[in-house]
Amino acid sequence: MSTFTCHYCEGQIPLAGNRPGGRATCPHCGVQADVPYAPPGAEAGPPRRAPQATQMFGAAQAANDAGNMALIFGVLGLFVCAIMGPIAIMKGNESKALAYDAGVPTPGTAVAGLVCGWITTILLIAGLGMFCLFFGLAILGGSM
Ligand SMILES: [Zn+2]
């Protein structure tokens, strides 16, 4: 079966049933793609605004993904294991940087992840401090 390349997601769209020069719905991303006149195999030149659009989409998507990870680790850090806190901060900052590069606002998930991450990390440090304090006092108490 012959296919052509979607200008948006660069997925393969079956040519069967689509009129050359008409429009076909991409099965991968759902965008209305132009059906090329040229027979498949003979690529109809480089796509015009496709690379930039794909790149922008990719970067914004990466920022969102990192933001989601930040939120997941942030929540896990708060409720499950505090070790996740610093990871949430890392992912949140990564998401912020990616969003900045893509020219899109920082995803809300990244901000939420960062907040959870910082709370968790502060609690973790405070907890470790308390632990050392009690442990130290216990040693002191035992030796006296
Ligand atoms: Zn597509």
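A quick note: this is a predicted structure, and the numbers were derived from the prediction, not measured.

Colleague: Which residues make up the overall build of the chain, and what are the values?
Modeller: A tally of helices and strands in the chain yields 3 helices and 4 strands. Of the regular secondary structure in the chain, the N- to C-terminal order runs β-β-β-β-α-α-α. Out of the 144 residues in the chain, the part that is buried amounts to 24%. In the chain, 54% of the contacts between residues at least 6 apart in sequence involve partners at least 24 apart.

Colleague: Requested: an account of the nonpolar core, with residues and values cited.
Modeller: Ala 66, Ala 70, Phe 73 and Ala 88 are the most contacted members of the largest nonpolar core, which has 15 residues in total. Listed by contribution, the elements that provide at least two residues to this core are helix H1 (50-79), helix H2 (84-102) and helix H3 (108-143). What Phe 73 contacts, discounting residues up to four positions off in sequence, is Met 84, Ile 87, Ala 88, Lys 91, Gly 113 and Gly 117. Counting 5 residues, the second largest nonpolar core, distinct from the first, contains Phe 4, Cys 6, Cys 9 and Ala 33.

Colleague: Would you mind going over the environment of Ser 95 in detail, with residue names and values included?
Modeller: Considering the arrangement of structural elements, one finds Ser 95 in helix H2. A tally of 27 C-beta atoms within 10 Å means that Ser 95 is categorised as buried. Those residues in contact with Ser 95, other than ones at most four positions away along the chain, are Ala 63, Ala 66, Gly 67, Ala 70, Thr 106, Pro 107 and Ala 110.

Colleague: Just give me the short version of the environment of Gly 85, but keep the residues and values in it.
Modeller: Looking at the secondary structure, you find Gly 85 in helix H2. Gly 85 sits 34 residues away from Ile 119 along the chain, and the two C-alpha atoms are 7.8 Å apart. Other than its neighbours up to four places away in sequence, Gly 85 contacts Gly 77, Gly 117, Thr 120, Thr 121 and Leu 124.

Colleague: Which residues make up the environment of Pro 14, and what values go with them?
Modeller: Here Pro 14 shows up in strand E2 (residues 12-14). A C-alpha to C-alpha distance of 9.9 Å links Pro 14 and Val 35, two positions 21 residues apart in sequence.

Colleague: Give a description of H2 that names residues and reports values.
Modeller: Relative to the 27 Å expected for 19 residues at 1.5 Å per residue, H2 spans 27 Å between its end C-alpha atoms, a close match to the ideal helical length. The complete set of buried residues in H2 reads Met 84, Gly 85, Ile 87, Ala 88, Ile 89, Lys 91, Gly 92, Ser 95, Lys 96, Leu 98 and Ala 99. Two residues or fewer after H2 comes Gly 103, characterised by a positive phi angle close to 75 degrees.

Here is what the cut-offs are and how they apply
- Sequence order as written defines residue numbering, which begins from 1 separately in each chain.
- The predicted origin of the model limits local features to residues at a pLDDT of at least 70 and limits the giving and counting of side-chain atom pairs to 80 or more, whereas totals for whole chains, interfaces and linings rest on all residues.
- Here a strand is any run of E in DSSP of at least two residues, a helix any run of H or I of at least four, and the numbering for each starts at the N terminus.
- Any residue whose C-beta has 12 or fewer other C-beta atoms within 10 Å is treated as exposed, any with 20 or more as buried, and any in between as partly exposed, C-beta atoms being built from the backbone.
- Distance between backbone-placed C-beta atoms decides contact: two residues are in contact if it is within 7 Å.
- Any nonpolar core is a set of buried residues, restricted to Ala, Val, Leu, Ile, Met, Phe, Trp, Tyr and Cys, that join up through C-beta atoms within 7 Å.
- Take the number of residues in a helix, subtract one, and multiply by 1.5 Å to get its expected span.

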